[in-house]
Amino acid sequence: MPYLVAAVVLLGLVCLVNLVLTLAVVRRLRVHTLRLAELGPATRAPLVQPGTRLGDFSATTVEGETVSRAFFSGPSVVAVFSTECASCHERLPEFTSFLAETRPERVLAVVTGDPDEAGRFARELTSATVVLEPMGGPVSRALQVSQFPSFYLVDGDAVVVAADTAPGRLPAATRG
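Calculation criteria
- Residue numbering note: each chain is counted from 1, following its sequence as written.
- Note on the predicted model: pLDDT of at least 70 is required for a residue's local features to be given, and 80 or more for side-chain atom pairs to be given and counted; whole-chain, interface and lining totals, by contrast, use all residues.
- With hydrogens and water stripped out, all remaining heavy atoms of the structure feed into the side-chain values.
- Labels follow the DSSP assignment, with helices taken as runs of H or I lasting at least four residues and strands as runs of E lasting at least two, numbered in each case from the N terminus.
- For a helix, the expected span equals 1.5 Å multiplied by the residue count minus one.
- Two axes enter the definition of the bend at a residue: one is fitted to the seven residues ending there, the other to the seven starting there, and the bend is the angle between them.
- The buried label applies to any residue whose accessible area, calculated with a 1.4 Å probe on protein chains only, is under 20% of its type's maximum; exposed applies above 50%, and partly exposed to all values in between.
- We call two residues contacting when some pair of their heavy atoms lies within 4.5 Å.
- To get an axis, fit a line to the C-alpha atoms, keeping to the stretch in contact for a helix; angles then go from 0 to 180 degrees between the N-to-C directions.
- For classification, angles of less than 35 degrees are called roughly parallel, those exceeding 145 degrees roughly antiparallel, those between 65 and 115 degrees roughly perpendicular, and all remaining angles oblique.
- Whether a crossing is left-handed or right-handed is set by the direction in which the near helix is turned from the far one by less than a right angle, anticlockwise for left-handed and clockwise for right-handed.
- Only Asp, Glu, Lys and Arg are considered charged, only Ala, Val, Leu, Ile, Met, Phe, Trp, Tyr, Cys and Pro nonpolar, and every remaining residue, Gly among them, polar.
- A strand pair is defined by DSSP finding two or more bridges across the two strands.
- A pair is scored as a salt bridge if a Lys or Arg side-chain nitrogen falls within 4 Å of a carboxyl oxygen belonging to Asp or Glu.

Remarks on helix α2 (residues 86–102)
Okay, step 1: Taking 1.5 Å per residue, 17 residues should reach 24 Å; α2 reaches 25 Å between its end C-alpha atoms and fits that length.
Okay, step 2: Where α2 bends most, at Leu92, the angle is about 35 degrees, and the proline Pro93 comes one to four residues later.
Okay, step 3: Among the residues of α2, Cys88, Leu92, Phe95, Phe98, Leu99 and Thr102 are the ones counted as buried.
Okay, step 4: Where the residues of α2 are buried, they touch β3 (76–82), β4 (106–112), α3 (115–124) and β6 (150–154).
Okay, step 5: Backbone geometry just after α2 places Arg103 at a positive phi near 50 degrees.

Rendered as structure tokens:
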């Protein structure tokens, strides 16, 4: 009988050590996940490089107007969202706050994905010219979109000045 008690106590201690080690691994994974999330674009495909001239495109806005590369007759802010992207849903309020804070003259917002959900994005982007297009549409191709969401500052010659995955990280010198 004393051997049985000793075996149960030993088994209990092994299980307790295993539980502590498992919890330590889970905690460490959470820390690494947060660190990877902070890295952001460095861990993803690169956005179009500053200095890149946009290709030609033609698209129809939600108001039925046609936009093309001529839209960029002055400094402009461009945002590209996908309705199927969780980060896009998170960044939408940040982008609308960015627009309210910086008040750029020209804003083009491109929304891809589900038309019903894209309509919700369009309703929140009241200060932007909104284009709804399928994945890989003409504006996305012109901007060489490689990830969502993407935010760009474009000059009057349709040349990308800056690109990032968060509007708040666009250079302050080019705002407003």
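The rest of the description comes next.
Brief notes about the packing of α2 against α3
Okay, step 1: Interhelical geometry of α2 versus α3 gives an angle of 15 degrees and a closest axis separation of 10 Å. Of the possible angle classes, the one that applies to α2 and α3 is roughly parallel. Where α2 crosses over α3, the two elements pack in a sense that is right-handed. Along the contact surface, α2 presents Cys88, His89, Leu92 and Thr96, while α3 presents Glu117, Arg120, Phe121 and Glu124.
Okay, step 2: Classifying every residue of the contact of α2 with α3 gives three nonpolar, two polar and three charged.

Remarks on the pairing of β6
Okay, step 1: Where burial is concerned, most of β6 is hidden: five out of the five residues are buried.
Okay, step 2: Looking at chain direction, β6 and strand β7 (residues 160–164) are connected through four bridges and run antiparallel. By the bridge assignment for β7, Tyr152 is matched with Ala163.

Some points on the pattern of salt bridges
Okay, step 1: In the structure shown here, the tally under the stated rule is six salt bridges.
Okay, step 2: Of the charged contacts in the structure, one is a salt bridge between Asp56 and Arg69, with a shortest N-O distance of 3.4 Å. Here the residue Asp56 occupies a position in the loop between α1 (2–39) and β1 (58–60), and Arg69 occupies one in the loop between β2 (66–68) and β3, the gap between them amounting to 13 residues.
Okay, step 3: Residue class for Asp56 comes out exposed when judged on its relative accessible area of 64%.
Okay, step 4: In the salt-bridge network here, residues are joined through shared partners; they are Glu117, Arg120 and Glu124.

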